[in-house]
Amino acid sequence: MDDLIKEFLVESNENLDRLDSELVKLESDPSSQELLSSIFRTIHTIKGSCGFLGFAKLEKVAHAGESLLSRLRDGKISLTPEITTGLLAMVDAIRTMLGAIQSTEQDGEEVYPDLIETLKRLQLTPEEAGAKPQSPPAASEGPKKGSPESAKGGKNGGKTPEKSPAETASSSRSDSAATPPRDPAEDNAAAAHGHEETRASGAPSETIRVEVHLLDRLMNLVGELVLTRNQITQYSARQNDANLATPTQQLNLLTSELQEEVMKTRMQPISNIFDKFPRVVRDVGMSLGKQVQIEMEGKETELDKSLLEAVKDPLTHIVRNSVDHGIEMPEQRIAADKRPEGHLKLRACHEGGQVLVEISDDGAGIDVVRVRNKAVERGLITAQQGAHMTEREILNMIFLPGFSTAEKVTNISGRGVGMDVVKTNIDRINGSVELQSRAGKGTTVKIKIPLTLAIVRAVIVQSNGRRFAIPQVSIQELVRLDGDNVQSEIEQVHGVPVYRIRGRLLPLVYLSKELKLKKNVAVGNQQDDAANIVVLQADDHLFGLVVDEINDSEEIVVKPLSNQLKGTKVFAGATIMGDGKVALILDVVGLAQSASILTESREYALADKSDELLETESQDQSEKETFLLFSGPDDGRMALPLSLLARLEEFPASMVEKSGNEWVVQYRGKILPLIRLDIVLEERRTRLRHKVKNVEPDPLQVLVCHDAGRTLGIIVERILDIVEDRALIKSPATREGVQHAVVINDRITELLDVPAIQRIAEENRSLSHEHAEVID
Amino acid sequence: MAQPNQFCTFYLDKLMFGVDLLKVQEVIRYLELTEIPLAPRVVSGLMNLRGQIVTGIDLRRRLEMEDRPEGTFPMNVVIRSGGGAVSLLVDEIGDVIEVEEDSFEPPPETLQGKVREVILGVHKLDKKLLHVLDTDKACETSERSETALVEG
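What comes next is a walk through the structure. This is a predicted model, so every value here is computed, not measured. (Residues numbered from 1 in each chain as written. Chains lettered and ligands numbered in written order. Predicted model: local features only at pLDDT ≥ 70, side-chain atom pairs only at ≥ 80, totals over all residues. Heavy atoms only, no water.)

Quick look at the overall build of chain B
Stage number 1. Within chain B, the regular secondary structure consists of 4 helices and 11 strands.
Stage number 2. Burial statistics for chain B: of 152 residues in total, 48% are counted as buried.
Stage number 3. With an accessible surface of roughly 8,200 Å², chain B has 50% of that area assigned to carbon and sulfur atoms. (Helix = DSSP H or I, 4+ residues; strand = E, 2+ residues; numbered from the N terminus. Buried < 20%, exposed > 50% of the residue type's maximum accessible area, 1.4 Å probe, protein only. Areas by Shrake-Rupley, 256 points an atom, 1.4 Å probe, with all protein chains shown as cover.)

Structure follows, in structure tokens:
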């Protein structure tokens with residue numbers, strides 16, 4: 001039997017068991033929205049699953065039940081015993097059908113017209129139902145065959161023989177304590193019915209199901225073992241006893257191996273979930289007449305088993321949603337100048353110590369205005385609130401319970417369960433969901449899952465005598481500067497430390513400053529001797545973290561921080577080191593945010609600026625550039641893309657030499673021509689500036705640029721800052737040597753045109769000659 | 001809810017405190033703490049309790065008392081709480097004692113401030129007063145309760 005179906009059966013049977021008790025509970029507490037939502041979700045899941053597995057009859061029954069539940073949830077009708085009985089009857093019918101699926105892979109012959117009819121009738125409010133003949137009491141609306149048991153609340157209806165195979169399946173799954181105790185009568189019934197072939201059908205498998213709980217326990221025990229091992233190792237080292245040393249070493253190896261294996265037991269690749277999606281996408285697409293292409297990346301990303309389970313449903317929801325709501329019909333797509341088949345991309349990777357799962361479609365995107373209107377209409381926010389909300393806030397309202405923008409409720413989605421389930425499930429495992437959408441371009445859902453219990457390779461660093469672990473995935477490279485070089489290699493851009501790495505400036509963050517670590521007296525003051533830079537990547541930004549020492553890299557088990565520390569964004573968790581001490585794991589993204597490498601607003605810039613971007617569509621929206629800001633002549637604000645810049649140098653004025661009629665300095669064994677902007681650039685002010693200042697700034701600030709194979713230095717007045725900006729708003733240049741004027745950080749800034757400057761400089765040689773003489 | 005009548009007691013600066021015995025996982029001697037930079041002041045660090053990472057809450061700070069004199073090491077009263085185990089750092093461990101329900105009295109009106117939410121009341125014992133702590137509140141850091149307010 002298909003794995004998919006097997007899992008569906010196991011899962012649905014579990015869900016049904018829960019439903020029974022929840023429905024009964026609901027009867028005694030009809031106002032509980034929580035119970036109602038939970039029941040609704042369960043039925044929704046079952047219905048959804050059978051939809052794509054092709055069990056149409058089962059789906060019909062579940063759909064009828066779901067509609068009834070949705071009326072209940074919206075408060076259109078209130079719960080009556082009749083309704084409860086009807087719902088329980090539906091549960092029984094589903095159970096019977098699951099039994100049929102177990103033995104025949106078909107959802108049986110029965111179509112339950114009566115049950116569906118009853119469920120439909122129950123949906124009506126008393127007024128609506130008024131005209132229709134009042135229904136007989138609960139007892140007579142027996143599900144299916146009107147079995148007498150069902151009248152007693154339907155709970156025992158499942159005891160019909162058809163149910164037994166399903167039961168067999170779930171009990172053979174494991175004898176775990178998690179499975180609710182079963183009525184022995186049922187098992188007898190199963191045996192009596194003699195579906196022996198289903199029992200036997202399970203081929204001798206190479207895997208067994210083990211409770212996650214047991215694995216947790218194993219893991220903790222191994223942790224203790226490791227600590228004991230360490231103590232013995234230390235003791236043995238002191239004893240100098242060969243008889244002890246050999247077994248100790250053996251113990252050492254065995255423990256490490258055991259630890260590794262136990263950890264592995266809990267890890268599973270995300271492909272376990274991903275591999276199911278092509279079919280989901282195909283089936284959903286087919287039923288809607290849409291063509292969807294699915295692309296997957298990072299399937300091998302490993303996740304802790306329990307987390308994998310936890311994200312399975314949310315991911316399925318999102319994928320179905322994307323196909324159903326996101327991707328348009330082929331005709332609409334063609335009209336919108338897109339390829340007829342939609343594109344859905346799933347991507348999983350480790351990022352910043354978390355697992356990031358991205359689901360992006362190239363569909364219609366989410367209409368912010370519609371979401372807002374809908375929210376107002378539903379009374380979730382007032383119109384006034386709506387007007388003040390940012391796009392991102394509005395988009396995130398999609399995660400509220402009962403929210404759906406779909407025009408009509410389709411079979412697949414649109415009831416507004418999906419996204420709130422997604423959020424609830426992800427929140428439960430301390431993850432986060434983020435939505436980015438651009439009307440007409442598509443929607444991306446980013447799910448970040450913490451590495452709770454996951455094992456990561458991490459580099460251990462030290463600062464002020466404290467150890468921290470940095471997930472290796474975020475580390476780009478390690479740079480060590482020896483004592484003598486620290487002063488010269490770490491430069492300052494207006495007081496901000498930077499380090500040049502292959503021609504680019506890397507902003508530096510000192511871990512001890514960022515974490516406000518107190519100086520540890522015992523370690524002494526050796527920080528200045530050498531600097532270790534850990535080059536980290538947070539989202540798309542690189543930065544260097546300066547630490548005192550870089551130790552080994554090792555595999556660590558990430559443990560979550562307790563609630564008291566949830567506010568501490570710079571740590572992703574904690575881990576226990578080999579010596580039994582606790583070390584904190586740095587959250588690279590959090591650290592970057594706290595050090596202002598990343599700002600929240602920048603992160604969401606994509607969503608916030610979408611309108612602006614649509615207008616300037618020709619511009620590649622993702623292209624943010626990093627600029628060096630400096631003040632040019634007359635204190636004008638000027639900028640140069642950092643990519644053109646090779647280095648920043650300071651030269652004492654005494655080093656400047658005149659070679660022919662050019663200004664030059666000796667630089668790295670070569671001659672570097674210097675260009676003075678006040679000469680090259682056309683006079684801006686109406687009033688003449690001083691021909692040449694008598695007192696030259698000393699030292700000279702020089703931007704070393706490479707252009708067309710030549711290196712040249714541009715003398716500037718002052719270096720201001722390094723900023724990242726899209727520099728979208730442009731206006732044509734007003735003078736030669738300037739590419740155009742742009743707005744950077746809300747101020748008008750002239751963007752230098754290096755080739756033009758070089759050209760002008762060459763033309764102006766005779767002019768500069770004049771000035772050079774004055775300098776002499 | 002019935003008042004607990006068995007308490008695990010401990011001392012902070014000569015004052016006797018007690019927490020519901022059923023909430024206590026264990027009592028252990030001092031364990032080395034790993035400080036957490038930028039964490040709330042009340043959180044003194046993380047400790048390794050046989051492979052489990054436990055957050056240590058400095059009860060003196062939580063109760064706005066003076067810091068423990070330097071060179072003295074606190075004991076741990078490990079509490080089972082919703083978000084994993086939390087250890088309350090105390091000066092000294094006392095006995096497990098049983099109390100009569102009618103010896104309880106709520107805190108006097110004059111007890112004000114943040115401390116009031118942590119101290120449920122006192123049991124009048126023979127020669128001293130047993131301060132009964134709300135373990136859940138005691139495990140909360142002030143930052144946490146602020147965010148809870150915002151969310152709520």
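Side note on the sheet that holds strand S2 (residues 15-20) of chain B
Residues and elements named next belong to chain B.
Stage number 1. Overall, mixed pairing links the 6 strands, which are arranged S8-S1-S2-S11-S10-S9 in an open sheet. The sheet is open, and its two edges are formed by strand S8 (92-98) and strand S9 (104-105), each paired on a single side.
Stage number 2. Relative to S2, strand S1 (residues 6-12) runs antiparallel, the two being bridged by 6 bridges. Counterpart to Thr 9 in the pairing with S2 is Gly 18. (Pairing = 2+ DSSP bridges.)

Side note on the interface of chain A and chain B
Stage number 1. Each partner contributes to the interface: chain A provides 27 residues, whereas chain B provides 23 residues.
Stage number 2. Among the residues chain A hides against chain B, the three largest losses belong to Gln 564, Leu 565 and Val 582 of chain A. Together they make up 32% of the total.
Stage number 3. Note that Glu 32 of chain B is salt-bridged to Lys 581 of chain A, the shortest N-O span being 3.8 Å.
Stage number 4. Linking chain A to chain B there are 3 residue pairs in polar contact (both at pLDDT 80 or more).
Stage number 5. Taken together, the elements giving at least two residues each to the side of chain A that touches chain B come down to helix H11 (212-239), strand S9 (466-471), strand S17 (571-576) and strand S18 (582-586) of chain A.
Stage number 6. If one sorts the elements of the side of chain A that touches chain B by residue count, S17 of chain A sits on top with 4 residues. (Contact = heavy atoms within 4.5 Å. Buried area = accessible area lost by both parts, 1.4 Å probe. Salt bridge = Lys/Arg side-chain N within 4 Å of Asp/Glu carboxyl O. Polar contact = N/O pair within 3.5 Å; in protein donor to acceptor, adjacent residues only side chain to side chain.)

What to know about the packing of helix H1 (residues 3-28) of chain A against helix H4 (residues 81-104) of chain A
Residues and elements named next belong to chain A.
Stage number 1. Interhelical geometry of H1 versus H4 gives an angle of 165° and a closest axis separation of 10 Å. In this view, H1 runs roughly antiparallel relative to H4, as classed from their interaxial angle. Relative to H4, H1 is oriented so that their crossing is left-handed. Contact with H1, carried on its side by Ile 5, Phe 8, Leu 9, Ser 12, Asn 13, Leu 16, Asp 17, Leu 19, Asp 20, Leu 23 and Glu 27, involves Pro 81, Thr 84, Leu 87, Leu 88, Val 91, Ile 94, Arg 95, Leu 98, Ile 101 and Gln 102 of H4 and no other residues of that element.
Stage number 2. Residues of the contact of H1 with H4, tallied by class, amount to 13 nonpolar, 4 polar and 4 charged. (Axes fitted to C-alpha atoms, helices over the stretch in contact; angles between N-to-C directions. Parallel < 35°, antiparallel > 145°, perpendicular 65-115°, else oblique. Left-handed = near helix turned anticlockwise from the far one by under 90°. Nonpolar A, V, L, I, M, F, W, Y, C, P; charged D, E, K, R; others polar.)

Looking at the sheet that holds strand S12 (residues 496-501) of chain A
Residues and elements named next belong to chain A.
Stage number 1. Spatially, S10-S14-S15-S13-S12-S11 is the arrangement adopted by the 6 strands of the open sheet, whose pairing is mixed. Here the strands that pair on one side only, and so sit at the sheet edges, are strand S10 (475-481) and strand S11 (490-493). Across this sheet, the average inter-strand angle for adjacent strands is 40°, counted without regard to direction.
Stage number 2. Two strands pair when backbone bridges link them, and S11 and S12 are joined in this way by 4 bridges, in the antiparallel orientation. By the bridge assignment for S12, Val 493 is matched with Val 496.

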